[in-house]
Amino acid sequence: MTQRPELRQALGRLLGPRGPEIGCDQCFEQLDRYVELEVAGHDADAAIPGLRAHLDGCPACREEHESLRALGGLGQAL
Ligand SMILES: [Zn+2]
C-alpha cells in the first residue's frame, strides 16, 4: 500500500473516521459544550472522548474549535 495522505483524507470525508474518533457532524454538535468545558477549566477530553482526536485530524473542525474558543473568551454574547 502506498501512502497517499490526500486520498486518505478524501476517503475519510466520505466514509467518516474509523475507530473511536467521532465524525464532523458529531464534532459540530459537541463542540460548543467541549469549548465551554475547556474555557471553564474542566477536563473536556474526559467529558467528550474522541473529539480531540477528531480536531487533530480535521483542519476544518480545528478552525471552528479555535474560533469558538476565541468567542468563548468574550462571554455569553450569543
Ligand atoms: Zn471534522
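Check the entry above for the structure.
With that settled, the discussion passes to the coordination of the zinc ion. Ligation of the zinc ion by protein atoms is provided by C24 (SG), H54 (NE2), C58 (SG) and C61 (SG), these donors lying 2.0 to 2.3 Å from the ion. Around the zinc ion sit four donor atoms, and with donor-metal-donor angles ranging over 103 to 116° the site reads as tetrahedral. Of note, the zinc ion draws all its donor residues from one chain, in the sequence arrangement C-x29-H-x3-C-x2-C. Residue C24 is found in helix α2 (residues 24-40), and its partner C61 is found in helix α5 (residues 59-72); the two are separated by 37 residues along the sequence. Take C24: its relative accessible area is 37%, and that puts it in the partly exposed class. Judged by its relative accessible area of 0%, C61 is buried.

Definitions and cut-offs
- Residues numbered from 1 in each chain as written.
- Predicted model: local features only at pLDDT ≥ 70, side-chain atom pairs only at ≥ 80, totals over all residues.
- Heavy atoms only, no water.
- Donors = N, O, S within 2.8 Å, 3.2 Å for Na, K, Ca; no water.
- Tetrahedral: all angles 85-135°; square planar, octahedral: opposite > 155°, others 65-115°.
- Helix = DSSP H or I, 4+ residues; strand = E, 2+ residues; numbered from the N terminus.
- Buried < 20%, exposed > 50% of the residue type's maximum accessible area, 1.4 Å probe, protein only.

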